Amino acid sequence: MILIFISWIYILFTTINLGFLTDRILQLKNQNFTITSILGLFATTIIASIWAIFGRINIEFNVFLLLLNIFISLRFKDEIIAIYKMVLSQFKELPNILKIVFVITTLLIIAQCSSIPFIIDNESYYIQTIKWINEYGFVKGLANLHLFLGQTSGWHVTQSVFNFSFLYKNFNDLSGYCLLLGSFFSIQKLNDFYTNNNKNYLVAGLFPLFNIFLFQFISAPSPDVPVYVFSTILFFYFLENFKKPTPEVFYLIVILVLFLIYIKNTMLTFAIIPIILLTLHFKPLSKKLLKPVLLTILVISLFIIKNMIICGSPIFPSKSFSNLSTVYAIPDAIESFYYDSIKHFGYSVTAQQYNSMSSFNLFLKWLTLPKLHGLFNLLSVFLVIFVPFFIYKFQNRKSLWALYIVMVLQLLLLFVTSPQYRFFMNFIIFFSLFCLSCLIQNKKTINFILTLSLIPVFIILFFPLNFNSFSNNPFMRKSSNFNFKNIVFAYKNTKNNTDFIIVKLGNLNYNSPVNNDFFWGNGDGDLPCVNKDQIEYFKKYFNTIPQMRTNDLKDGFYAKKLSENE
């Protein structure tokens, strides 16, 4: 816990400095502490992504970042000190109950981040993705080694900066820092609601009620957490400035949307949000579009370059860009297999079942999935059906109808690709809180519910629970609990304790986990690391194996098609 807290102090210092500089360059006129830190995270991600094209994100990058920090601190000392004074003043003005809730939430977040990583994707590709970035940067054809590495997220680029791998190997908790930012933003907005009675502030202020769900994600660098936090903040600024957005607020909304898409490309529908504002307020906004246009071009270019290097095609997974692929691109048959597998997984059916079922039957199958999947799928449909009633009855505003349309479009897109509830959870969170805000607005009641919500978080964090009732995944049936052994040093980055063996395959020597029942699992093995069962599977069914492009790992991999005799 203590080491994580110390690392977060440095992350806060860095993101405030870079956020201030970003604000100054773009002239956003931002006065919110959380937004300043998010701008710093965005700037760090962009700088690190450019760096990773040419080299690793390791000690040399952190030296550069430290020097940049020092320069900004010395050059703008008074302005940056004023930011810290402002936030301390704002915290002191909070009611005691909100201060207590925030302090307890902070301690619980740090404790959860010090515990065993829960989310299974951490074992399949989070750890390995960040390791590759730390040791080599973006590697050509890396997805040929393990398909999931093609999903390298902008958030993993950010985590590769702030895991300080050259100092300590167990920092893996940037998503926890992000949730802490979101919690502080919400507490501030809730306090503002008590004075201005603005329902938008209440919706944002109720966000910590979902901590019971979010906490299991933050002991690993899950891109879902920043998506949920940044989406809530984006929706707040969209609703608050729908009628009369200033160019500065429009810039901020564009940045949030770009950051969300760079973190997770399933958020592509969010591009509609700034387009809506630009369409409705074209005259005042069109005069100052140069900065957001250039920023958009930069982020899209980085997104495409990252994918072209790692996957060999502009978008992964996709069946639409075979003409633009490189010589080390993932074979079309394997990419199609992966694309279809993701889609089938969302409906929990086999390829044969998917092809034989009607759209309506697929929808019914999706709606009646067992346990947590089925619960959130039903809640999604409930919101699509009943949110219009709540909007019409309680807050009949165009801005809310616009967000509702974006929600429906997002769900339709997921039905075509992969309808997993976690890709829709940001809308579930927001519109659930919106419906609750329509029914509960009493200050004492809200404070009581907010305080009460800490109890289940505390129980799950400190007492072992079985999640059999919520998940069919055998790797996610036990809660991630805090152990007092981790008060100083965090638990290691992986929940697995497996050993590794070195396997030779052509010109490739790779580390494979021993006695690993998780087909896609790698854990925290030394590079290159991949499960032998995966290699054998693609060799058997696709007659393809990964091979090094040269004798140096930094030059990447290609997929070798085997002859009949091999």
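Since the structure is predicted, the reported quantities are computational estimates derived from the model, not experimental observations.

Some details on the layout of surface pockets
In this structure, the second largest pocket encloses a volume near 620 Å³. Phe5, Leu12, Phe102, Thr106 and Leu180 are the residues nearest the centre of the second largest pocket, which is lined by 20 residues in total. Listed by contribution, the elements that provide at least two residues to the lining of the second largest pocket are α1 (2-26), α4 (77-92), α5 (96-113) and α8 (174-196).

Things to note about the packing of helix α20 (residues 398-416) against helix α21 (residues 425-439)
At a minimum axis separation of 11 Å, α20 and α21 run at an interaxial angle of 145 degrees. For α20 against α21, the interelement crossing comes out left-handed. For the pair α20 and α21, contact is made by Leu400, Leu403, Tyr404, Val406, Met407 and Gln410 and by Phe427, Phe430, Phe431 and Phe434, respectively. Here the residues of the contact of α20 with α21 are counted per class, giving 9 nonpolar, 1 polar and no charged.

Some remarks on the packing of α1 against helix α2 (residues 33-54)
Relative orientation of the contacting elements α1 and α2 amounts to 90 degrees, with a least axis distance of 6 Å. By the angle class used here, α1 and α2 are roughly perpendicular. Taking contact as the criterion, the partners of Leu12, Thr15, Ile16, Leu18, Gly19, Phe20, Thr22 and Asp23 in α1 are, on α2, Phe33, Thr36, Ser37, Leu39, Gly40, Leu41, Ala43 and Thr44. Residues belonging to the contact of α1 with α2 are distributed by class as follows: 8 nonpolar, 7 polar and 1 charged.

As for the packing of aromatic side chains
Across all of its chains, the model carries 63 aromatic pairs by this definition. A ring pair is formed by Tyr10 and Phe164, whose centres lie 5.7 Å apart and whose planes are at 65 degrees; its orientation type is edge-to-face. Of this pair, Tyr10 sits in helix α1 while Phe164 sits in the loop between α7 (154-162) and α8, and the two are 154 residues apart along the sequence. Phe164 sits in the buried class, given a relative accessible area of 8%. Taking 5.7 Å as the distance between ring centres and 35 degrees as the angle between the ring planes, the aromatic pair formed by Phe424 and Phe427 counts as tilted. By relative accessible area, Phe427 is classed as buried at 0%. Ring-pair connections join several aromatic residues into one group, and the members of that group are Tyr125, Tyr126, Phe148, Phe316, Phe337, Tyr338, Phe519, Trp520, Tyr537, Phe538, Tyr541 and Phe542.

Examining the pattern of salt bridges
Taken as a whole, this structure holds 6 salt bridges when the rule is applied. Of the charged contacts, one joins Lys131 and Asp524 as a salt bridge, the two residues approaching to 3.1 Å between their closest N and O atoms. With a gap of 393 residues between them, Lys131 in helix α6 (residues 121-136) and Asp524 in the loop between β2 (508-513) and α24 (532-542) connect regions that are remote in the sequence. Here Asp224 makes a salt bridge to Lys264, at a shortest N to O gap of 3.3 Å. Remark: Lys264 occurs in the loop between α12 (247-263) and α13 (272-280) and Asp224 occurs in helix α11 (residues 224-240); sequence separation between them is 40 residues. Here the salt bridges share partners, and the residues they tie into one network are Asp121, Asp224, Lys264 and Arg422.

So, the confidence of the model for the protein chain
In this model, the protein chain carries an average pLDDT of 91, and 96% of its residues clear a pLDDT of 70 or more. At the low end of the mean pLDDT range in the protein chain sits helix α16 (residues 332-347), at 84; at the high end sits α2, at 97.

Quick word on helix α22 (residues 443-452)
Looking at α22, one finds that the buried residues are Ile446, Asn447 and Leu450. The arc that holds every buried residue of α22, seen down its axis, measures 95 degrees, which confines them to one face. In this structure, α22 carries Lys444 and Phe448 as exposed residues pointing more than 90 degrees from its buried face. Here the buried face of α22 lies against α5, α8, α9 (199-205) and α23 (454-462). Where α22 starts, the residue carrying a side-chain oxygen 3.0 Å from the main-chain nitrogen of Lys444 turns out to be Asn442.

About the thresholds
- Residues numbered from 1 in each chain as written.
- Predicted model: local features only at pLDDT ≥ 70, side-chain atom pairs only at ≥ 80, totals over all residues.
- Heavy atoms only, no water.
- 1 Å grid on protein atoms, 1.4 Å probe; cavity = no way out; pocket = protein on both sides within 12 Å on 5 of 7 lines; lining within 4 Å.
- Points joined across faces, edges and corners; volume = space filled by probe spheres on them.
- Helix = DSSP H or I, 4+ residues; strand = E, 2+ residues; numbered from the N terminus.
- Axes fitted to C-alpha atoms, helices over the stretch in contact; angles between N-to-C directions.
- Left-handed = near helix turned anticlockwise from the far one by under 90°.
- Contact = heavy atoms within 4.5 Å.
- Nonpolar A, V, L, I, M, F, W, Y, C, P; charged D, E, K, R; others polar.
- Parallel < 35°, antiparallel > 145°, perpendicular 65-115°, else oblique.
- Phe/Tyr/Trp six-rings, centres within 6.5 Å; stacked < 30°, edge-to-face > 60°.
- Buried < 20%, exposed > 50% of the residue type's maximum accessible area, 1.4 Å probe, protein only.
- Salt bridge = Lys/Arg side-chain N within 4 Å of Asp/Glu carboxyl O.
- pLDDT = per-residue confidence, 0-100.
- Arc of directions from axis to C-beta.
- Polar contact = N/O pair within 3.5 Å; in protein donor to acceptor, adjacent residues only side chain to side chain.

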